[in-house]
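Below, each chain spelled out in residue letters.
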Amino acid sequence: MNYIASANRYKEMTYRRCGNSGLKLSAVSLGLWHNFGHVDQLENSRNIIRLAFDSGITHFDLANNYGPPPGSAEENFGRILKQDFQSYRDELIISSKAGYTMWDGPYGDWGSKKYLVSSLDQSLKRMGLDYVDIFYHHRPDPETPLEETMAALDLIVRQGKALYAGISNYAAPEAAKAIAILKDLGTPCLIHQPKYSMFERWVENGLLDLLGKEGVGCIPFSPLAQGLLTDKYLHGVPADSRAAKSHGALQENQITEKVLQQLNALNAIAVERGQTLAQMALSWVLRHETVTSVLVGASRPDQLADSIKCLDRLLFTTEELQDIEQILKK
Ligand SMILES: NC(=O)c1ccc[n+]([C@@H]2O[C@H](COP(=O)([O-])OP(=O)(O)OC[C@H]3O[C@@H](n4cnc5c(N)ncnc54)[C@H](OP(=O)(O)O)[C@@H]3O)[C@@H](O)[C@H]2O)c1
């Protein structure tokens with residue numbers, strides 16, 4: 001069936017400015033790391049993307065290696081774009097990345113100019129796009145000079161293959177250097193994509209402050225700790241969960257007795273707040289002004305619909321925050 005986007009799509013979503021840039025992102029963004037590869041059902045992937053756009057999500061996050069197999073999430077996204085979203089391209093912010101292993105040999109990994117430029121060309125072909133909106137260096141490279149990697153991002157933006165440049169998984173000191181180099185080159189760093197959730201707090205030790213000071217946006221990934229911070233695992237490991245899938249990045253042994261106790265205690269606070277645990281975990285990340293958007297995944301449309309409702313209750317009392325800290329410290 002032909003897709004026509006909901007006329008109400010911009011009514012409920014909030015849009016936040018990305019650092020000091022001119023770009024606003026939907027407060028919830030959709031990531032295509034899992035559930036969009038050739039191992040998944042294309043129709044389900046398509047329904048998730050349709051629901052996202054109908055709900056006001058404008059930002060879709062990809063990378064060269066998403067699948068499995070690597071590259072297949074971009075191929076499937078390209079297919080869905082062609083079928084459903086051709087007339088909506090100017091309402092979409094599409095990102096891709098390179099930095100992890102993608103092809104054999106010395107030019108298919110890390111941070112050389114050769115890798116980044118070739119990889120983005122491949123991503124554009126897979127998605128059937130002339131340009132992406134944001135192109136990221138996916139992880140720091142200990143060997144390539146940072147100047148070369150940042151010059152590659154600058155080149156890509158000047159060539160018009162990406163509108164904005166971003167970095168991901170950079171610790172605060174290396175992020176500071178990358179931001180300074182990009183500023184000198186005249187292509188400001190738009191955004192940083194770090195892992196951040198109630199269970200993963202490293203960004204609180206300097207990175208969030210740096211991004212706030214430099215006017216760079218922040219889009220935390222895996223804010224639900226890959227599904228742990230939901231009601232999914234409270235009563236065991238469901239067969240259709242990421243932890244149960246052979247290609248899922250969440251391991252069953254991460255769901256320890258201690259984690260289960262924490263999840264149950266957090267769930268009780270969420271219920272008192274009138275939220276699901278997923279919604280509370282997302283509101284908790286979004287409470288920082290520096291955070292532009294939370295980057296969620298979903299294996300079904302109803303999960304995404306649930307997650308988006310985090311926007312209904314973003315504020316926390318001091319007492320709630322303290323109670324959450326107590327649980328996480330245990
Ligand atoms: N830059 C990087 O290095 C990097 C690394 C990882 C991810 N990312 C980006 O971040 C995005 C999100 O990562 P993620 O998928 O790990 O995020 P996440 O939001 O922490 O976890 C998503 C998973 O949680 C479960 N879920 C989601 N909403 C739910 C709800 N309302 N109720 C119950 N369960 C729910 C689903 O798991 P089930 O499949 O079990 O149903 C879903 O697949 C990725 O797609 C990617 O774009 C970036």
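Here's what I pulled together on the structure shown here.

Criteria and thresholds
- Residues numbered from 1 in each chain as written.
- Predicted model: local features only at pLDDT ≥ 70, side-chain atom pairs only at ≥ 80, totals over all residues.
- Helix = DSSP H or I, 4+ residues; strand = E, 2+ residues; numbered from the N terminus.
- Rg over C-alpha atoms; globule rule 2.2 N^0.38 Å.
- Buried ≥ 20, exposed ≤ 12 C-beta atoms within 10 Å, placed from the backbone.
- Contact = placed C-beta atoms within 7 Å.
- Pairing = 2+ DSSP bridges.
- Right-handed = clockwise from strand over helix to strand, strands pointing away.
- Near = placed C-beta within 6 Å.
- Nonpolar A, V, L, I, M, F, W, Y, C, P; charged D, E, K, R; others polar.
- Axes fitted to C-alpha atoms, helices over the stretch in contact; angles between N-to-C directions.
- Left-handed = near helix turned anticlockwise from the far one by under 90°.
- Parallel < 35°, antiparallel > 145°, perpendicular 65-115°, else oblique.
- Core = buried A, V, L, I, M, F, W, Y, C linked by C-beta atoms within 7 Å.
- Expected span 1.5 Å × (residues − 1).

### Here's the deal with the overall build of the protein
Piece 1. Looking only at helices and strands, one finds ten helices and ten strands in the protein.
Piece 2. Taking 20 Å as the expected radius of gyration for a compact globule of 330 residues, we find that the protein reaches 19 Å, a close match to that expectation.
Piece 3. Taking the principal axes of the C-alpha coordinates as reference, the protein spans close to 50 × 50 × 40 Å.
Piece 4. When burial is assessed residue by residue, the protein has 44% of its 330 residues classed as buried.
Piece 5. In the protein, the share of contacts with a sequence separation of at least 24, taken over all contacts with a separation of at least 6, comes to 76%.

### With respect to the pairing of strand 5 (residues 93-98)
A regular strand places its side chains on the two faces of the sheet in alternate fashion.
Piece 1. The buried fraction of strand 5 is high, at six of six residues.
Piece 2. A two-sided burial pattern is seen for strand 5, the buried positions comprising Ile 93, Ser 95 and Lys 97 on one face and Ile 94, Ser 96 and Ala 98 on the other.
Piece 3. In the sheet, strand 4 (residues 59-61) pairs with strand 5 via three bridges, with the strands oriented parallel. Looking at strand 5, one finds that Asp 61 is bridged to Ser 95.
Piece 4. After leaving strand 4, the chain enters helix 2 (residues 72-85) and then returns to the sheet as strand 5, a path that is right-handed.

### A short note on the site of the ligand
Piece 1. Surveying the vicinity of the ligand reveals 30 residues, the closest of which are Gly 31, Trp 33, Phe 221, Gly 227 and Gly 297.
Piece 2. Breaking the shell around the ligand down by element, the ones donating at least two residues are strand 10 (294-296) and helix 9 (301-308).
Piece 3. Top element by residues in the shell around the ligand is helix 9. It accounts for three residues.
Piece 4. In the shell around the ligand, the residues fall into ten nonpolar, 16 polar and four charged.

### Here we look at helix 8 (residues 277-286)
Piece 1. The buried count for helix 8 comes to ten of ten residues, which makes it a mostly enclosed element.
Piece 2. When we look at burial in helix 8, the residues that qualify are Leu 277, Ala 278, Gln 279, Met 280, Ala 281, Leu 282, Ser 283, Trp 284, Val 285 and Leu 286.
Piece 3. Those residues of helix 8 hidden inside the fold are in contact with helix 7 (257-272), strand 10, helix 9 and helix 10 (318-329).

### Some remarks on the sheet that holds strand 9 (residues 217-218)
Piece 1. One open sheet accounts for eight strands, arranged 9-8-7-6-5-4-3-10; its pairing is parallel. Lying at the two open borders of the sheet, with one neighbouring strand each, are strand 9 and strand 10.
Piece 2. Where strand 8 (residues 189-193) meets strand 9, two bridges bridge the pair, whose relative direction is parallel. Note on strand 9: the bridge partner recorded for His 192 is Cys 218.
Piece 3. Packing against the sheet, helix 3 (residues 113-127) makes contact with strand 5, strand 6 (132-137) and strand 7 (162-168), and its axis sits at approximately 135° to strand 5.

### Details of unusual backbone geometry
Piece 1. Cis geometry marks the peptide bond from Gly 67 to Pro 68, where omega comes out at -10°.
Piece 2. Relative to the elements of secondary structure, Pro 68 occurs in the loop between strand 4 and helix 2.
Piece 3. Positive phi values are uncommon outside glycine, yet Trp 110 reaches one of about 70°.
Piece 4. By secondary structure assignment, the location of Trp 110 is in the loop between strand 5 and helix 3.
Piece 5. Positive phi values are uncommon outside glycine, yet Ser 222 reaches one of about 50°.
Piece 6. With respect to the helices, strands and loops of the structure, Ser 222 is situated in the loop between strand 9 and helix 7.

### Quick notes on the packing of helix 1 (residues 42-54) against helix 2
Piece 1. In the contact formed by helix 1 and helix 2, the axes pass within 10 Å of each other and the chain directions differ by 60°. Here helix 1 and helix 2 pass one another in a crossing that is right-handed. From helix 1, Leu 42, Ser 45, Arg 46, Ile 49 and Arg 50 reach across to helix 2, where they touch Asn 76, Ile 80 and Asp 84.
Piece 2. Along the lines of polarity and charge, the residues of the contact of helix 1 with helix 2 split into three nonpolar, two polar and three charged.

### Digging into the packing of helix 2 against helix 3
Piece 1. Taken N-terminus to C-terminus, the directions of helix 2 and helix 3 make an angle of 40°; their axes are 7 Å apart at the nearest point. The orientation of helix 2 relative to helix 3 falls into the category oblique. Here Glu 74, Glu 75, Phe 77, Gly 78 and Leu 81 of helix 2 lie close against helix 3, whose contacting residues are Ser 123, Arg 126 and Met 127.
Piece 2. Across the contact of helix 2 with helix 3, the residue classes break down as three nonpolar, two polar and three charged.

### Remarks on the nonpolar core
Piece 1. Formed by 86 residues in total, the largest nonpolar core has its most connected members in Ile 134, Phe 135, Ala 162, Ala 165, Ala 178 and Ala 281.
Piece 2. The residues touching Phe 135, leaving out its near neighbours within four places in the chain, are Ser 96, Leu 120, Leu 153, Ile 156, Ala 162 and Ala 165.

### Some details on the environment of Asn 264
Piece 1. Positionally, Asn 264 belongs in helix 7.
Piece 2. The exposure class assigned to Asn 264 is partly exposed, which follows from the 14 C-beta atoms found within 10 Å.
Piece 3. Sequence separation between Asn 264 and Leu 304 is 40 residues, and the spatial gap between their C-alpha atoms is 21 Å.

### Topic: the environment of Leu 32
Piece 1. Within the fold, Leu 32 resides in the loop between strand 3 (28-31) and helix 1.
Piece 2. Spatially, the C-alpha atom of Leu 32 lies 7.0 Å from that of Tyr 66, the residues being 34 residues apart in sequence.
Piece 3. Residue contacts for Leu 32: discarding those within four places in its chain leaves Phe 60, Asp 61, Leu 62, Tyr 66, Ala 73 and Phe 77.

### As for helix 10
Because an α-helix packs 3.6 residues into every turn, residues spaced three or four apart end up facing the same way.
Piece 1. Helix length check: helix 10, at twelve residues, gives a terminal C-alpha distance of 16 Å against a target of 16 Å (1.5 Å per residue), a fit within 8%.
Piece 2. The element helix 10 is largely exposed, with a buried count of one among its twelve residues.

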